[in-house]
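Here are the chains, one letter per residue:
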Amino acid sequence: MGLSADELLAKCREAFGERILDAHQHCEDATVVIPRDAALEIFQALRDRPEFGFNMLVDVTAVDYLGQKPRFEVVTHLHSLSNNHRLRVKIRVPEDEPWVHSLVPIWKGANWVERECWDMFGIRFVGHPDLRRILMYEEFVGHPLRKDYPVEKRQPLTEERDPIEVGWKV
Amino acid sequence: MAADDLALRAEVDPIEEIMELQMGPSHPATHGTIKFNLKLDGETVINCDVEVGYLHRGFEKMCENGTWTQAIPYTDRLNYVSPLINNVGFILAVERLCGVEVPPRCQVIRVIMSEVSRICDHLTCLGMASQELGAQTVAFFMIEGRELLWDIIEAVTGARVTISYTRIGGVTHDLTPDTPNRIRSALTHLRALLDDCDKLLTRNRIFYDRMVGIGAMSAADAIDHGLTGPLLRASGVPYDVRKAQPYSGYERFDFEVPVGAQGDNYDRFLVRMNEMEQSMRIIEQALRELPDGPVSIADPRFVLPEKHEVYNSIEGLMHHFKLIMEGAKVPPGEVYQAVEGGNGELGFYVVSDGSGRPYRCRVRAPCFFGMAALGEMMRGIMVADIVPTFGMINMIGGECDR
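Okay, so let's go over this structure.

Procedures and definitions
- Residues numbered from 1 in each chain as written.
- Chains lettered and ligands numbered in written order.
- Predicted model: local features only at pLDDT ≥ 70, side-chain atom pairs only at ≥ 80, totals over all residues.
- Helix = DSSP H or I, 4+ residues; strand = E, 2+ residues; numbered from the N terminus.
- Buried ≥ 20, exposed ≤ 12 C-beta atoms within 10 Å, placed from the backbone.
- Contact = placed C-beta atoms within 7 Å.
- Expected span 1.5 Å × (residues − 1).
- Pairing = 2+ DSSP bridges.
- Axes fitted to C-alpha atoms, helices over the stretch in contact; angles between N-to-C directions.

**Describing the overall build of chain A**
And then number 1: Scanning chain A from N- to C-terminus turns up four helices and seven strands.
And then number 2: When the elements of chain A are put in sequence order from the N terminus, they spell out α-β-β-α-β-β-β-β-α-β-α.
And then number 3: Put simply, chain A has 170 residues, and 36% of those count as buried.
And then number 4: Taking the intrachain contacts of chain A between residues at least 6 apart in sequence as the baseline, contacts between residues at least 24 apart amount to 48%.

**As for helix H14 (residues 314-325) of chain B**
And then number 1: In a regular helix each residue adds 1.5 Å, so twelve residues correspond to 16 Å; H14 of chain B covers 16 Å between its end C-alpha atoms and thus fits that length.
And then number 2: Gly-327 of chain B, located one to two residues past H14 of chain B, shows a positive phi value of around 85 degrees.

**Describing helix H5 (residues 104-132) of chain B**
All names here are of chain B.
And then number 1: Between its terminal C-alpha atoms H5 stretches 42 Å, which fits the 42 Å expected from 29 residues at 1.5 Å a residue.
And then number 2: For H5, the buried fraction is high: 24 of the 29 residues fall into the buried class.
And then number 3: Gly-134 sits one or two positions beyond H5 and adopts a positive phi of about 95 degrees.

**Comments concerning the sheet that holds strand S8 (residues 358-364) of chain B**
Residue and element names in this part refer to chain B.
And then number 1: Overall, antiparallel pairing links the three strands, which are arranged S6-S7-S8 in an open sheet. Of all the strands in the sheet, just strand S6 (333-341) and S8 have a single pairing partner and so form its edges. On average, each strand axis in the sheet is tilted by 15 degrees relative to the strand beside it, whichever way the strands run.
And then number 2: Bridge analysis of strand S7 (residues 344-352) against S8 gives six bridges, and the strand direction is antiparallel. When the sheet's bridge partners are listed, Tyr-349 is paired in S8 with Arg-362.
And then number 3: Of the strands in this sheet, S6 and S7 touch helix H4 (residues 83-98), which is tilted by about 150 degrees from S6.

Read these as geometric descriptors, not functional statements.
See below:
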(Lines give C-alpha, C1' and ligand atoms only; values in the text may rest on other atoms or scores of the structure.)
Protein backbone atom coordinates (compact mmCIF):
# COMPACT_ATOMS: atom_id res chain seq x y z
CA MET A 1 0.00 0.00 0.00
CA GLY A 2 1.01 3.58 -0.57
CA LEU A 3 0.28 6.36 1.88
CA SER A 4 -2.01 5.69 4.79
CA ALA A 5 -5.34 7.47 4.86
CA ASP A 6 -4.18 10.00 7.45
CA GLU A 7 -1.00 10.86 5.55
CA LEU A 8 -2.97 11.32 2.36
CA LEU A 9 -5.47 13.61 4.08
CA ALA A 10 -2.63 15.69 5.55
CA LYS A 11 -1.23 16.09 2.03
CA CYS A 12 -4.63 17.19 0.72
CA ARG A 13 -4.98 19.78 3.48
CA GLU A 14 -1.51 21.06 2.76
CA ALA A 15 -2.16 21.33 -0.98
CA PHE A 16 -5.67 22.75 -0.97
CA GLY A 17 -5.93 24.51 2.38
CA GLU A 18 -9.31 26.03 3.01
CA ARG A 19 -10.83 24.54 -0.10
CA ILE A 20 -11.06 21.25 1.78
CA LEU A 21 -14.33 21.62 3.67
CA ASP A 22 -13.92 18.42 5.61
CA ALA A 23 -11.45 15.56 5.70
CA HIS A 24 -11.82 12.36 7.64
CA GLN A 25 -11.00 8.69 7.53
CA HIS A 26 -13.25 5.78 8.35
CA CYS A 27 -12.29 2.10 8.12
CA GLU A 28 -8.99 3.19 6.46
CA ASP A 29 -10.84 4.99 3.65
CA ALA A 30 -9.78 8.62 3.20
CA THR A 31 -12.56 11.09 2.39
CA VAL A 32 -12.40 14.78 1.54
CA VAL A 33 -15.36 17.09 0.99
CA ILE A 34 -14.76 19.90 -1.47
CA PRO A 35 -16.89 22.84 -2.63
CA ARG A 36 -18.61 22.55 -5.98
CA ASP A 37 -17.05 25.67 -7.48
CA ALA A 38 -13.45 24.63 -6.87
CA ALA A 39 -14.04 21.03 -7.90
CA LEU A 40 -12.52 21.06 -11.38
CA GLU A 41 -9.27 22.69 -10.21
CA ILE A 42 -8.93 20.28 -7.33
CA PHE A 43 -9.62 17.20 -9.45
CA GLN A 44 -7.14 18.41 -12.06
CA ALA A 45 -4.49 18.86 -9.37
CA LEU A 46 -5.28 15.47 -7.87
CA ARG A 47 -4.60 13.88 -11.23
CA ASP A 48 -1.58 15.93 -12.31
CA ARG A 49 0.49 16.42 -9.18
CA PRO A 50 2.87 13.48 -8.74
CA GLU A 51 2.39 13.26 -4.97
CA PHE A 52 -1.29 12.45 -5.61
CA GLY A 53 -1.10 10.88 -9.06
CA PHE A 54 -4.75 9.84 -9.22
CA ASN A 55 -4.67 8.67 -12.81
CA MET A 56 -7.72 6.41 -12.54
CA LEU A 57 -11.27 7.47 -11.92
CA VAL A 58 -12.81 4.49 -10.21
CA ASP A 59 -16.40 5.52 -9.79
CA VAL A 60 -18.84 8.43 -9.69
CA THR A 61 -22.09 8.02 -7.85
CA ALA A 62 -24.38 9.90 -5.50
CA VAL A 63 -26.13 9.33 -2.21
CA ASP A 64 -29.52 10.84 -1.50
CA TYR A 65 -29.79 12.03 2.13
CA LEU A 66 -33.47 12.92 1.90
CA GLY A 67 -34.50 15.34 4.63
CA GLN A 68 -31.01 16.75 5.14
CA LYS A 69 -29.63 19.95 3.71
CA PRO A 70 -27.91 19.82 1.28
CA ARG A 71 -29.74 16.76 0.07
CA PHE A 72 -27.27 15.02 -2.26
CA GLU A 73 -23.67 14.00 -2.05
CA VAL A 74 -21.86 13.26 -5.30
CA VAL A 75 -19.21 10.72 -4.42
CA THR A 76 -16.14 10.19 -6.61
CA HIS A 77 -13.63 7.44 -5.96
CA LEU A 78 -10.11 7.93 -7.25
CA HIS A 79 -7.21 5.53 -7.39
CA SER A 80 -3.57 6.13 -8.10
CA LEU A 81 -1.86 3.27 -9.90
CA SER A 82 1.61 4.78 -9.40
CA ASN A 83 1.27 5.51 -5.68
CA ASN A 84 -1.26 2.79 -4.89
CA HIS A 85 -3.61 4.83 -2.76
CA ARG A 86 -7.29 5.67 -2.92
CA LEU A 87 -9.28 8.78 -2.15
CA ARG A 88 -12.99 9.45 -1.90
CA VAL A 89 -14.04 12.96 -2.89
CA LYS A 90 -17.49 14.28 -2.02
CA ILE A 91 -19.34 17.31 -3.25
CA ARG A 92 -22.50 18.34 -1.44
CA VAL A 93 -25.27 19.37 -3.79
CA PRO A 94 -28.55 21.09 -2.82
CA GLU A 95 -31.89 19.75 -4.01
CA ASP A 96 -32.95 22.88 -5.92
CA GLU A 97 -29.69 23.17 -7.88
CA PRO A 98 -28.64 19.59 -8.52
CA TRP A 99 -25.55 20.01 -10.67
CA VAL A 100 -21.79 19.52 -10.51
CA HIS A 101 -19.03 19.97 -13.06
CA SER A 102 -18.43 17.03 -15.35
CA LEU A 103 -15.11 15.21 -15.02
CA VAL A 104 -15.05 14.01 -18.63
CA PRO A 105 -12.40 16.61 -19.62
CA ILE A 106 -10.12 15.13 -16.95
CA TRP A 107 -10.88 11.40 -17.15
CA LYS A 108 -12.61 9.87 -20.16
CA GLY A 109 -13.92 7.09 -17.95
CA ALA A 110 -16.29 9.58 -16.30
CA ASN A 111 -18.58 9.60 -19.33
CA TRP A 112 -20.83 6.62 -18.65
CA VAL A 113 -20.81 6.75 -14.85
CA GLU A 114 -21.91 10.38 -14.94
CA ARG A 115 -24.68 9.49 -17.36
CA GLU A 116 -25.75 6.79 -14.94
CA CYS A 117 -25.68 9.23 -12.04
CA TRP A 118 -27.87 11.64 -14.02
CA ASP A 119 -30.21 8.80 -14.90
CA MET A 120 -30.51 7.47 -11.35
CA PHE A 121 -30.36 10.67 -9.28
CA GLY A 122 -31.15 13.54 -11.64
CA ILE A 123 -27.88 15.30 -10.96
CA ARG A 124 -26.71 17.33 -13.96
CA PHE A 125 -23.09 17.19 -14.98
CA VAL A 126 -22.29 20.57 -16.49
CA GLY A 127 -19.91 20.24 -19.41
CA HIS A 128 -20.73 16.59 -20.11
CA PRO A 129 -20.61 15.99 -23.87
CA ASP A 130 -23.61 13.69 -24.06
CA LEU A 131 -25.79 13.62 -20.95
CA ARG A 132 -28.47 11.08 -21.86
CA ARG A 133 -30.11 8.41 -19.77
CA ILE A 134 -28.18 5.17 -19.93
CA LEU A 135 -29.82 2.34 -17.98
CA MET A 136 -33.37 3.66 -18.24
CA TYR A 137 -35.14 4.61 -21.45
CA GLU A 138 -35.71 8.15 -22.65
CA GLU A 139 -39.43 8.20 -21.76
CA PHE A 140 -38.83 7.20 -18.15
CA VAL A 141 -40.17 9.78 -15.70
CA GLY A 142 -38.20 10.52 -12.54
CA HIS A 143 -34.95 9.25 -11.13
CA PRO A 144 -35.31 5.84 -9.53
CA LEU A 145 -32.52 5.84 -6.95
CA ARG A 146 -33.82 8.95 -5.22
CA LYS A 147 -35.18 8.06 -1.82
CA ASP A 148 -38.57 9.64 -2.65
CA TYR A 149 -39.05 7.39 -5.70
CA PRO A 150 -41.26 4.53 -4.44
CA VAL A 151 -39.86 1.10 -5.07
CA GLU A 152 -43.18 -0.28 -6.32
CA LYS A 153 -43.93 2.63 -8.67
CA ARG A 154 -44.95 1.62 -12.21
CA GLN A 155 -44.23 3.59 -15.37
CA PRO A 156 -46.73 3.90 -18.23
CA LEU A 157 -46.16 1.91 -21.40
CA THR A 158 -44.49 3.97 -24.09
CA GLU A 159 -45.38 4.35 -27.73
CA GLU A 160 -43.57 2.11 -30.15
CA ARG A 161 -40.69 3.97 -31.70
CA ASP A 162 -39.76 3.89 -35.35
CA PRO A 163 -35.98 3.75 -35.15
CA ILE A 164 -35.52 5.62 -38.39
CA GLU A 165 -37.98 8.38 -37.49
CA VAL A 166 -36.27 8.82 -34.14
CA GLY A 167 -32.92 9.17 -35.89
CA TRP A 168 -30.72 7.29 -33.41
CA LYS A 169 -27.88 9.40 -32.29
CA VAL A 170 -24.70 7.75 -33.54
CA MET B 1 -44.81 6.47 -43.24
CA ALA B 2 -45.51 8.46 -46.37
CA ALA B 3 -44.91 6.83 -49.74
CA ASP B 4 -42.57 9.57 -50.97
CA ASP B 5 -40.38 9.09 -47.89
CA LEU B 6 -39.96 5.46 -48.84
CA ALA B 7 -39.16 6.39 -52.40
CA LEU B 8 -36.55 8.84 -51.18
CA ARG B 9 -35.01 6.24 -48.98
CA ALA B 10 -34.77 3.75 -51.85
CA GLU B 11 -32.66 6.23 -53.80
CA VAL B 12 -29.95 6.33 -51.14
CA ASP B 13 -27.07 4.12 -52.20
CA PRO B 14 -25.54 2.49 -49.12
CA ILE B 15 -22.18 2.11 -50.86
CA GLU B 16 -21.83 5.82 -51.42
CA GLU B 17 -23.41 7.00 -48.21
CA ILE B 18 -22.55 6.45 -44.60
CA MET B 19 -24.76 3.56 -43.57
CA GLU B 20 -26.45 3.42 -40.22
CA LEU B 21 -26.88 -0.08 -38.88
CA GLN B 22 -28.38 -1.20 -35.62
CA MET B 23 -26.90 -4.40 -34.29
CA GLY B 24 -28.95 -5.88 -31.49
CA PRO B 25 -30.43 -5.73 -28.93
CA SER B 26 -31.12 -9.35 -29.69
CA HIS B 27 -28.35 -10.66 -31.87
CA PRO B 28 -27.02 -14.23 -31.93
CA ALA B 29 -23.41 -13.12 -31.57
CA THR B 30 -23.98 -10.78 -28.67
CA HIS B 31 -24.32 -13.05 -25.68
CA GLY B 32 -26.09 -10.51 -23.57
CA THR B 33 -28.74 -8.03 -24.61
CA ILE B 34 -26.96 -5.04 -26.00
CA LYS B 35 -27.33 -2.72 -28.92
CA PHE B 36 -24.71 -1.19 -31.17
CA ASN B 37 -25.81 1.81 -33.23
CA LEU B 38 -23.18 1.68 -35.94
CA LYS B 39 -22.14 4.13 -38.61
CA LEU B 40 -20.44 2.27 -41.39
CA ASP B 41 -18.37 3.37 -44.33
CA GLY B 42 -18.55 0.25 -46.44
CA GLU B 43 -17.45 -2.38 -43.95
CA THR B 44 -15.45 -0.06 -41.73
CA VAL B 45 -16.92 1.14 -38.48
CA ILE B 46 -16.65 4.92 -38.23
CA ASN B 47 -18.62 5.33 -35.09
CA CYS B 48 -20.37 3.09 -32.62
CA ASP B 49 -22.81 4.16 -29.95
CA VAL B 50 -23.23 1.36 -27.43
CA GLU B 51 -26.57 1.09 -25.69
CA VAL B 52 -26.80 -0.85 -22.45
CA GLY B 53 -29.46 -1.15 -19.79
CA TYR B 54 -31.62 -3.92 -21.22
CA LEU B 55 -31.01 -6.07 -18.16
CA HIS B 56 -31.39 -3.33 -15.58
CA ARG B 57 -33.33 -4.61 -12.60
CA GLY B 58 -32.55 -2.00 -9.98
CA PHE B 59 -30.03 -3.96 -7.92
CA GLU B 60 -29.09 -0.90 -5.91
CA LYS B 61 -32.71 0.05 -5.20
CA MET B 62 -33.62 -3.50 -4.18
CA CYS B 63 -30.68 -3.64 -1.77
CA GLU B 64 -32.00 -0.58 0.03
CA ASN B 65 -35.29 -2.35 0.65
CA GLY B 66 -34.07 -5.45 2.44
CA THR B 67 -31.67 -6.40 5.18
CA TRP B 68 -27.92 -6.68 4.59
CA THR B 69 -28.17 -10.47 4.40
CA GLN B 70 -31.01 -10.26 1.89
CA ALA B 71 -28.71 -8.35 -0.46
CA ILE B 72 -26.37 -11.34 -0.80
CA PRO B 73 -28.62 -13.28 -3.24
CA TYR B 74 -28.87 -10.13 -5.37
CA THR B 75 -25.08 -10.03 -5.65
CA ASP B 76 -25.15 -13.57 -7.12
CA ARG B 77 -27.00 -12.12 -10.04
CA LEU B 78 -24.44 -9.44 -10.87
CA ASN B 79 -21.71 -11.35 -12.62
CA TYR B 80 -23.52 -14.65 -12.78
CA VAL B 81 -20.53 -16.48 -14.24
CA SER B 82 -18.44 -15.88 -11.13
CA PRO B 83 -21.05 -15.19 -8.44
CA LEU B 84 -18.70 -16.10 -5.62
CA ILE B 85 -16.43 -13.15 -6.19
CA ASN B 86 -19.44 -10.83 -5.95
CA ASN B 87 -20.51 -12.48 -2.70
CA VAL B 88 -17.03 -12.07 -1.29
CA GLY B 89 -16.70 -8.45 -2.42
CA PHE B 90 -20.00 -7.41 -0.91
CA ILE B 91 -19.46 -9.21 2.36
CA LEU B 92 -15.91 -7.87 2.77
CA ALA B 93 -17.31 -4.35 2.52
CA VAL B 94 -19.95 -5.12 5.16
CA GLU B 95 -17.41 -6.85 7.40
CA ARG B 96 -15.14 -3.82 7.26
CA LEU B 97 -18.01 -1.65 8.44
CA CYS B 98 -18.78 -4.13 11.22
CA GLY B 99 -15.12 -4.43 12.18
CA VAL B 100 -15.32 -8.19 11.94
CA GLU B 101 -12.34 -10.47 11.35
CA VAL B 102 -13.19 -13.86 9.85
CA PRO B 103 -11.46 -17.10 10.91
CA PRO B 104 -8.40 -18.20 8.88
CA ARG B 105 -10.11 -21.25 7.41
CA CYS B 106 -12.93 -19.09 6.10
CA GLN B 107 -10.44 -16.70 4.48
CA VAL B 108 -8.72 -19.54 2.65
CA ILE B 109 -12.04 -21.07 1.57
CA ARG B 110 -13.07 -17.70 0.14
CA VAL B 111 -9.79 -17.53 -1.78
CA ILE B 112 -10.19 -21.04 -3.16
CA MET B 113 -13.77 -20.48 -4.25
CA SER B 114 -12.98 -17.05 -5.71
CA GLU B 115 -10.21 -18.51 -7.83
CA VAL B 116 -12.40 -21.41 -8.96
CA SER B 117 -14.97 -18.79 -10.03
CA ARG B 118 -12.36 -16.72 -11.81
CA ILE B 119 -11.36 -19.74 -13.89
CA CYS B 120 -15.04 -20.32 -14.73
CA ASP B 121 -15.33 -16.68 -15.79
CA HIS B 122 -12.30 -16.80 -18.08
CA LEU B 123 -13.36 -20.17 -19.53
CA THR B 124 -16.77 -18.77 -20.41
CA CYS B 125 -15.31 -15.65 -21.96
CA LEU B 126 -12.69 -17.44 -24.06
CA GLY B 127 -14.91 -20.38 -24.94
CA MET B 128 -17.68 -18.17 -26.28
CA ALA B 129 -15.27 -15.81 -28.05
CA SER B 130 -13.50 -18.66 -29.81
CA GLN B 131 -16.79 -20.23 -30.80
CA GLU B 132 -17.76 -17.00 -32.52
CA LEU B 133 -14.53 -17.19 -34.49
CA GLY B 134 -15.36 -20.71 -35.62
CA ALA B 135 -13.41 -22.71 -33.06
CA GLN B 136 -16.33 -24.84 -31.92
CA THR B 137 -14.08 -27.56 -30.46
CA VAL B 138 -12.40 -25.14 -28.11
CA ALA B 139 -15.78 -23.92 -26.91
CA PHE B 140 -16.77 -27.46 -26.01
CA PHE B 141 -13.46 -28.11 -24.25
CA MET B 142 -13.77 -24.94 -22.21
CA ILE B 143 -17.38 -25.58 -21.28
CA GLU B 144 -16.34 -29.08 -20.21
CA GLY B 145 -13.70 -27.50 -17.98
CA ARG B 146 -16.24 -25.11 -16.52
CA GLU B 147 -18.60 -28.00 -15.87
CA LEU B 148 -15.91 -29.75 -13.78
CA LEU B 149 -15.58 -26.68 -11.59
CA TRP B 150 -19.30 -26.00 -11.35
CA ASP B 151 -19.76 -29.55 -10.06
CA ILE B 152 -17.39 -28.71 -7.23
CA ILE B 153 -19.16 -25.43 -6.53
CA GLU B 154 -22.44 -27.31 -6.48
CA ALA B 155 -21.09 -29.89 -4.05
CA VAL B 156 -19.85 -27.20 -1.67
CA THR B 157 -22.58 -24.57 -1.84
CA GLY B 158 -25.61 -26.53 -3.01
CA ALA B 159 -26.14 -24.50 -6.18
CA ARG B 160 -24.34 -23.91 -9.42
CA VAL B 161 -24.98 -20.25 -10.11
CA THR B 162 -27.18 -18.68 -7.46
CA ILE B 163 -24.98 -19.76 -4.62
CA SER B 164 -25.21 -16.99 -1.94
CA TYR B 165 -22.25 -18.60 -0.22
CA THR B 166 -21.02 -15.88 2.12
CA ARG B 167 -22.52 -14.46 5.30
CA ILE B 168 -21.35 -11.68 7.56
CA GLY B 169 -18.43 -13.25 9.40
CA GLY B 170 -18.11 -16.42 7.38
CA VAL B 171 -19.47 -18.74 4.75
CA THR B 172 -22.60 -20.89 4.86
CA HIS B 173 -21.00 -24.32 4.61
CA ASP B 174 -17.60 -25.85 5.17
CA LEU B 175 -15.97 -27.66 2.27
CA THR B 176 -17.06 -31.28 1.99
CA PRO B 177 -14.34 -33.73 3.12
CA ASP B 178 -13.60 -34.85 -0.44
CA THR B 179 -13.53 -31.31 -1.92
CA PRO B 180 -9.72 -30.87 -1.86
CA ASN B 181 -9.19 -34.10 -3.74
CA ARG B 182 -11.99 -33.35 -6.17
CA ILE B 183 -10.50 -29.95 -6.89
CA ARG B 184 -7.05 -31.48 -7.42
CA SER B 185 -8.32 -34.02 -9.91
CA ALA B 186 -10.46 -31.39 -11.64
CA LEU B 187 -7.41 -29.16 -12.03
CA THR B 188 -5.41 -32.01 -13.56
CA HIS B 189 -8.19 -32.59 -16.04
CA LEU B 190 -8.55 -28.86 -16.68
CA ARG B 191 -4.84 -28.42 -17.34
CA ALA B 192 -5.02 -31.14 -20.00
CA LEU B 193 -8.04 -29.43 -21.56
CA LEU B 194 -6.39 -26.02 -21.55
CA ASP B 195 -3.28 -27.54 -23.06
CA ASP B 196 -5.42 -28.78 -25.95
CA CYS B 197 -7.10 -25.39 -26.28
CA ASP B 198 -3.71 -23.74 -26.35
CA LYS B 199 -2.56 -26.04 -29.14
CA LEU B 200 -5.75 -25.43 -31.07
CA LEU B 201 -5.87 -21.66 -30.72
CA THR B 202 -2.75 -19.81 -29.72
CA ARG B 203 -0.79 -20.42 -32.92
CA ASN B 204 -3.77 -21.05 -35.12
CA ARG B 205 -3.38 -18.91 -38.23
CA ILE B 206 -7.05 -17.99 -38.56
CA PHE B 207 -7.53 -17.21 -34.90
CA TYR B 208 -4.27 -15.24 -34.75
CA ASP B 209 -5.10 -13.11 -37.77
CA ARG B 210 -8.56 -12.37 -36.45
CA MET B 211 -7.27 -11.26 -33.05
CA VAL B 212 -3.92 -9.52 -33.51
CA GLY B 213 -4.01 -5.74 -33.72
CA ILE B 214 -7.79 -5.55 -33.41
CA GLY B 215 -9.47 -3.38 -30.78
CA ALA B 216 -6.13 -2.21 -29.43
CA MET B 217 -5.93 0.33 -26.65
CA SER B 218 -2.76 1.94 -25.27
CA ALA B 219 -1.94 1.78 -21.58
CA ALA B 220 -2.57 5.50 -21.11
CA ASP B 221 -5.96 5.31 -22.80
CA ALA B 222 -6.93 2.21 -20.86
CA ILE B 223 -6.15 3.92 -17.56
CA ASP B 224 -7.97 7.07 -18.65
CA HIS B 225 -11.06 5.00 -19.44
CA GLY B 226 -10.95 3.32 -16.06
CA LEU B 227 -10.37 -0.15 -17.52
CA THR B 228 -9.22 -2.77 -15.06
CA GLY B 229 -8.61 -6.50 -14.99
CA PRO B 230 -7.55 -8.43 -18.08
CA LEU B 231 -8.30 -5.45 -20.36
CA LEU B 232 -5.88 -3.18 -18.51
CA ARG B 233 -3.27 -5.88 -18.04
CA ALA B 234 -3.34 -6.69 -21.75
CA SER B 235 -2.25 -3.07 -22.31
CA GLY B 236 0.80 -3.72 -20.16
CA VAL B 237 -0.23 -2.28 -16.79
CA PRO B 238 0.38 -4.87 -14.05
CA TYR B 239 -2.50 -3.74 -11.84
CA ASP B 240 -4.31 -6.44 -9.94
CA VAL B 241 -6.31 -5.67 -6.80
CA ARG B 242 -5.13 -8.95 -5.29
CA LYS B 243 -1.54 -7.67 -5.43
CA ALA B 244 -2.07 -3.94 -4.99
CA GLN B 245 -4.49 -4.01 -2.04
CA PRO B 246 -4.65 -7.62 -0.91
CA TYR B 247 -7.81 -8.81 0.81
CA SER B 248 -8.84 -12.08 2.41
CA GLY B 249 -5.18 -13.12 2.78
CA TYR B 250 -4.10 -12.95 -0.87
CA GLU B 251 -0.74 -11.53 0.22
CA ARG B 252 0.25 -14.98 1.47
CA PHE B 253 0.03 -16.64 -1.94
CA ASP B 254 2.68 -16.70 -4.59
CA PHE B 255 1.32 -15.84 -8.02
CA GLU B 256 2.21 -13.69 -10.96
CA VAL B 257 0.25 -10.98 -12.77
CA PRO B 258 0.45 -11.71 -16.49
CA VAL B 259 0.58 -8.65 -18.72
CA GLY B 260 0.37 -8.10 -22.46
CA ALA B 261 2.15 -5.57 -24.63
CA GLN B 262 -0.13 -4.39 -27.44
CA GLY B 263 -3.47 -4.19 -25.64
CA ASP B 264 -5.22 -5.88 -28.57
CA ASN B 265 -7.66 -8.76 -28.56
CA TYR B 266 -4.92 -11.34 -28.86
CA ASP B 267 -3.20 -10.04 -25.73
CA ARG B 268 -6.50 -10.08 -23.88
CA PHE B 269 -6.86 -13.72 -24.85
CA LEU B 270 -3.31 -14.56 -23.71
CA VAL B 271 -3.68 -12.70 -20.42
CA ARG B 272 -6.83 -14.68 -19.59
CA MET B 273 -5.19 -17.99 -20.54
CA ASN B 274 -2.22 -17.22 -18.29
CA GLU B 275 -4.39 -16.02 -15.45
CA MET B 276 -6.17 -19.35 -15.32
CA GLU B 277 -2.82 -21.05 -14.69
CA GLN B 278 -2.04 -18.51 -11.95
CA SER B 279 -5.45 -19.12 -10.35
CA MET B 280 -4.75 -22.83 -10.34
CA ARG B 281 -1.44 -22.17 -8.60
CA ILE B 282 -3.25 -20.14 -5.91
CA ILE B 283 -5.81 -22.91 -5.42
CA GLU B 284 -3.09 -25.53 -5.02
CA GLN B 285 -1.23 -23.45 -2.46
CA ALA B 286 -4.45 -22.73 -0.60
CA LEU B 287 -5.39 -26.42 -0.50
CA ARG B 288 -1.94 -27.24 0.90
CA GLU B 289 -2.22 -24.77 3.76
CA LEU B 290 -5.95 -25.00 4.42
CA PRO B 291 -6.14 -24.54 8.22
CA ASP B 292 -8.59 -26.33 10.47
CA GLY B 293 -11.17 -24.49 12.51
CA PRO B 294 -14.54 -22.84 12.19
CA VAL B 295 -15.74 -21.29 8.91
CA SER B 296 -17.69 -18.53 10.63
CA ILE B 297 -17.40 -16.27 13.63
CA ALA B 298 -19.83 -16.78 16.51
CA ASP B 299 -20.66 -13.12 17.14
CA PRO B 300 -24.38 -13.05 18.07
CA ARG B 301 -24.79 -9.55 16.62
CA PHE B 302 -24.31 -10.83 13.08
CA VAL B 303 -24.57 -14.62 13.01
CA LEU B 304 -27.72 -16.70 13.36
CA PRO B 305 -27.83 -19.06 16.37
CA GLU B 306 -27.63 -22.82 15.98
CA LYS B 307 -30.94 -24.49 15.18
CA HIS B 308 -31.10 -26.44 18.46
CA GLU B 309 -30.87 -23.13 20.35
CA VAL B 310 -33.68 -21.64 18.27
CA TYR B 311 -35.99 -24.56 18.91
CA ASN B 312 -35.11 -25.17 22.57
CA SER B 313 -34.55 -21.77 24.19
CA ILE B 314 -36.46 -18.51 24.21
CA GLU B 315 -33.23 -16.49 23.94
CA GLY B 316 -32.20 -18.40 20.83
CA LEU B 317 -35.63 -17.93 19.29
CA MET B 318 -35.68 -14.19 19.99
CA HIS B 319 -32.15 -13.81 18.69
CA HIS B 320 -33.07 -15.62 15.49
CA PHE B 321 -36.28 -13.58 15.11
CA LYS B 322 -34.52 -10.25 15.54
CA LEU B 323 -31.75 -11.09 13.08
CA ILE B 324 -34.24 -12.24 10.48
CA MET B 325 -36.86 -9.53 10.92
CA GLU B 326 -34.70 -6.49 11.67
CA GLY B 327 -31.45 -7.63 10.15
CA ALA B 328 -27.95 -7.40 11.50
CA LYS B 329 -27.26 -3.88 12.76
CA VAL B 330 -24.28 -2.71 10.78
CA PRO B 331 -22.59 0.29 12.44
CA PRO B 332 -23.07 3.61 10.63
CA GLY B 333 -20.42 4.61 8.16
CA GLU B 334 -19.35 4.08 4.62
CA VAL B 335 -16.78 1.90 2.96
CA TYR B 336 -15.45 1.20 -0.50
CA GLN B 337 -14.13 -2.30 -0.93
CA ALA B 338 -12.53 -3.45 -4.17
CA VAL B 339 -11.91 -7.06 -5.12
CA GLU B 340 -10.46 -8.49 -8.30
CA GLY B 341 -13.45 -9.84 -10.19
CA GLY B 342 -13.29 -11.88 -13.37
CA ASN B 343 -13.45 -8.70 -15.46
CA GLY B 344 -11.47 -6.37 -13.24
CA GLU B 345 -11.91 -4.23 -10.19
CA LEU B 346 -15.29 -5.00 -8.69
CA GLY B 347 -16.04 -2.39 -6.07
CA PHE B 348 -18.77 -2.14 -3.48
CA TYR B 349 -19.46 1.26 -1.95
CA VAL B 350 -21.82 0.72 0.94
CA VAL B 351 -23.31 3.31 3.27
CA SER B 352 -24.95 2.29 6.52
CA ASP B 353 -27.08 4.48 8.75
CA GLY B 354 -27.01 2.00 11.62
CA SER B 355 -30.38 0.43 10.88
CA GLY B 356 -30.68 -3.13 9.70
CA ARG B 357 -30.79 -2.12 6.05
CA PRO B 358 -28.20 -0.74 3.64
CA TYR B 359 -28.72 3.00 3.14
CA ARG B 360 -26.91 2.81 -0.16
CA CYS B 361 -25.21 -0.07 -1.92
CA ARG B 362 -23.33 0.91 -5.03
CA VAL B 363 -21.56 -1.52 -7.32
CA ARG B 364 -18.63 -0.44 -9.43
CA ALA B 365 -19.05 -2.91 -12.26
CA PRO B 366 -15.82 -3.54 -14.20
CA CYS B 367 -17.43 -4.43 -17.52
CA PHE B 368 -19.51 -1.21 -17.45
CA PHE B 369 -16.24 0.65 -17.97
CA GLY B 370 -15.15 -1.82 -20.63
CA MET B 371 -18.40 -1.24 -22.49
CA ALA B 372 -17.92 2.53 -22.17
CA ALA B 373 -14.54 2.21 -23.88
CA LEU B 374 -15.85 -0.20 -26.52
CA GLY B 375 -17.03 2.59 -28.82
CA GLU B 376 -13.51 3.91 -29.05
CA MET B 377 -11.97 0.46 -29.48
CA MET B 378 -14.29 -0.20 -32.40
CA ARG B 379 -13.50 2.93 -34.36
CA GLY B 380 -11.82 1.92 -37.61
CA ILE B 381 -12.28 -1.83 -37.36
CA MET B 382 -14.29 -4.02 -39.74
CA VAL B 383 -17.84 -5.19 -39.07
CA ALA B 384 -16.62 -8.77 -38.67
CA ASP B 385 -14.24 -7.67 -35.89
CA ILE B 386 -17.02 -6.23 -33.75
CA VAL B 387 -17.93 -9.63 -32.35
CA PRO B 388 -14.46 -10.71 -31.12
CA THR B 389 -13.77 -7.25 -29.71
CA PHE B 390 -17.06 -7.33 -27.84
CA GLY B 391 -16.31 -10.90 -26.76
CA MET B 392 -13.01 -9.91 -25.20
CA ILE B 393 -14.71 -7.24 -23.06
CA ASN B 394 -16.66 -10.17 -21.58
CA MET B 395 -19.75 -8.13 -20.87
CA ILE B 396 -22.00 -9.88 -18.39
CA GLY B 397 -25.44 -8.30 -18.63
CA GLY B 398 -26.23 -8.75 -14.97
CA GLU B 399 -23.12 -6.91 -13.92
CA CYS B 400 -23.09 -4.22 -16.59
CA ASP B 401 -26.74 -3.22 -16.26
CA ARG B 402 -27.28 -4.14 -12.60
